[in-house]
Amino acid sequence: MTTTGIAHEIKALTFDVFGTVVDWRGSVIREGERLNQAKGLTIDWARFADEWRAGYAPAMNRVRQGELPWTKLDDLHRMTLDRLLVAFDIAEQLDDAEKAHLNRVWHRLMPWPDSVDGLTQLKQRYILATLSNGNISLLVNMARHAGLPWDCVLSSELAGHYKRDPEVYHMAAHLLDLKPSQILMVAAHQDDLQAAHREGMRTAFVKRPLEFGPDSTPDLSVDPRFDLVAEDFLDLARQLS
């Protein structure tokens, strides 16, 4: 199907958030460096951010495999954070309130430079919704902090499953009262798009080469099954205009 055909068929865009809409790594580093200054610490926050994010998939797998009951992402983040605070030898230098505030850095992530403008343009024509593993309170707080103009906040929490489980994509179509083919899943992560494609959604791959920092070597090859490929949200809005 042509871009014009897709643009007319789809009614809603659902977005992966971490890495696709917001710069989680840069945001964690910035807040961590402020903590270094306030507390006289010398933590390598780039490494800390990378290791915190690396705990994301294993923590969700513990829920998937039944090792943990359904556990929202805030609590999974805190489990990983507590382990890292010990590993980086700063567990005793932060009190409980400081640890809780640091864990909620995921509520305060900053958008990529094109995100707000691109979403605002897309919102003129389409319903915009998150479709994220973040819990609802996290996504709402992030939207208010970053000025993200969602029409609707959809979370894996509503399905009781984490992406890439099919139940999450089914939940989005059900709650939006749309056919999967009327929804365009937008993400910077190909496995998320591949999972959405398997459930009948349209897919748009948005490149975020700096998600893991300037020294990373991301795989930006494109699965030919994707309907659209965009450099950023402004490019996506141009393609769907």
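Preceding block: the structure.
Residues numbered from 1 in each chain as written. Predicted model: local features only at pLDDT ≥ 70, side-chain atom pairs only at ≥ 80, totals over all residues. Heavy atoms only, no water.

A. Summary view of the overall build of the protein chain. When helices and strands are counted, the protein chain shows twelve helices and six strands. For 241 residues, the compact-globule estimate of 2.2 N^0.38 gives 18 Å, and the C-alpha radius of gyration of the protein chain, at 18 Å, lies within 12% of that figure. In terms of principal-axis extent, the alpha carbons of the protein chain reach across some 60 × 35 × 30 Å. Residue burial in the protein chain is summarised as follows: out of 241 residues, 54% are buried. Considering only intrachain contacts with a sequence separation of at least 6, the fraction spanning at least 24 residues in the protein chain is 67%. Both charge centroids of the protein chain, one from 27 positive and one from 35 negative side chains, sit 3 Å from each other. (Helix = DSSP H or I, 4+ residues; strand = E, 2+ residues; numbered from the N terminus. Rg over C-alpha atoms; globule rule 2.2 N^0.38 Å. Buried < 20%, exposed > 50% of the residue type's maximum accessible area, 1.4 Å probe, protein only. Contact = heavy atoms within 4.5 Å. Lys, Arg positive; Asp, Glu negative; His and termini not counted. Charge placed at Lys NZ, Arg CZ, Asp CG, Glu CD.)

B. Region of the structure containing the sheet that holds strand β3 (residues 152–155). Pairing is parallel in the open sheet, where six strands are placed in the order β3-β2-β1-β4-β5-β6. Edge positions in the open sheet fall to β3 and β6 (228–230), since each of these has one partner strand only. Averaged over all pairs of adjacent strands, the angle between strand axes in this sheet comes to 25 degrees, irrespective of strand direction. Taken together, the four bridges between strand β2 (residues 127–132) and β3 define a ladder with parallel strand orientation. Counted as the bridge partner of T130 is V153 from β3. Sheet strands in contact with helix α12 (residues 233–240) are β1 (12–15), β4 (183–187), β5 (202–206) and β6, and its direction is about 140 degrees off that of β6. (Pairing = 2+ DSSP bridges. Axes fitted to C-alpha atoms, helices over the stretch in contact; angles between N-to-C directions.)

C. Representation of helix α7 (residues 115–123) within the structure. All of the buried residues along α7 are S115, G118, L119 and L122. In an axial view of α7, the angular spread of the buried residues amounts to 95 degrees, which keeps them on one side of the axis. Those residues of α7 that are buried are in contact with β1, β2 and α12. (Arc of directions from axis to C-beta.)

D. Here's a closer look at helix α4 (residues 56–64). Taken residue by residue, α4 has Y56, A59, M60 and V63 as its buried positions. Looking straight down α4, one finds its buried side chains confined to an arc of 95 degrees; they lie on one side. Looking at the packing, one finds that the buried side of α4 touches α3 (45–54) and α5 (73–87). G66, located one to two residues past α4, shows a positive phi value of around 85 degrees.

E. Looking closely at the packing of α3 against α4. Running from N to C, α3 and α4 point in directions that differ by 20 degrees, and their axes come no closer than 4 Å. The angle between α3 and α4 places the two elements in the roughly parallel class. Residue-level inspection shows W52, R53 and A54 of α3 in contact with α4, the latter providing Y56, A57 and P58. For the contact of α3 with α4, the per-class residue count stands at five nonpolar, no polar and one charged. (Parallel < 35°, antiparallel > 145°, perpendicular 65-115°, else oblique. Nonpolar A, V, L, I, M, F, W, Y, C, P; charged D, E, K, R; others polar.)

F. Geometry of the packing of aromatic side chains. Using the criterion set out here, one finds twelve aromatic pairs in the structure. Judged by centre distance (5.4 Å) and plane angle (50 degrees), the rings of F15 and W150 are tilted. Pair noted here: F15 is in strand β1 and W150 is in the loop between α8 (136–146) and β3, with a separation of 135 residues, a long-range link. Summarising the burial analysis for this pair, F15 and W150 share the class buried. An angle of 85 degrees between the planes, with centres 5.2 Å apart, marks the rings of W52 and W106 as edge-to-face. A residue pair is termed long-range when its members are at least 10 positions apart, and W52 in helix α3 and W106 in the loop between α6 (96–103) and α7 qualify at 54 residues. Per residue, the accessibility class of W52 equals that of W106, and both read buried. Ring-pair connections join several aromatic residues into one group, and the members of that group are F18, W24, W45, F48, W52, Y56, F88, W106 and F212. Sitting over the face of the ring of F233, R208 holds its NZ or CZ atom 4.8 Å from the ring centroid. (Phe/Tyr/Trp six-rings, centres within 6.5 Å; stacked < 30°, edge-to-face > 60°. Lys NZ or Arg CZ within 6 Å of the ring centre and 35° of its normal.)

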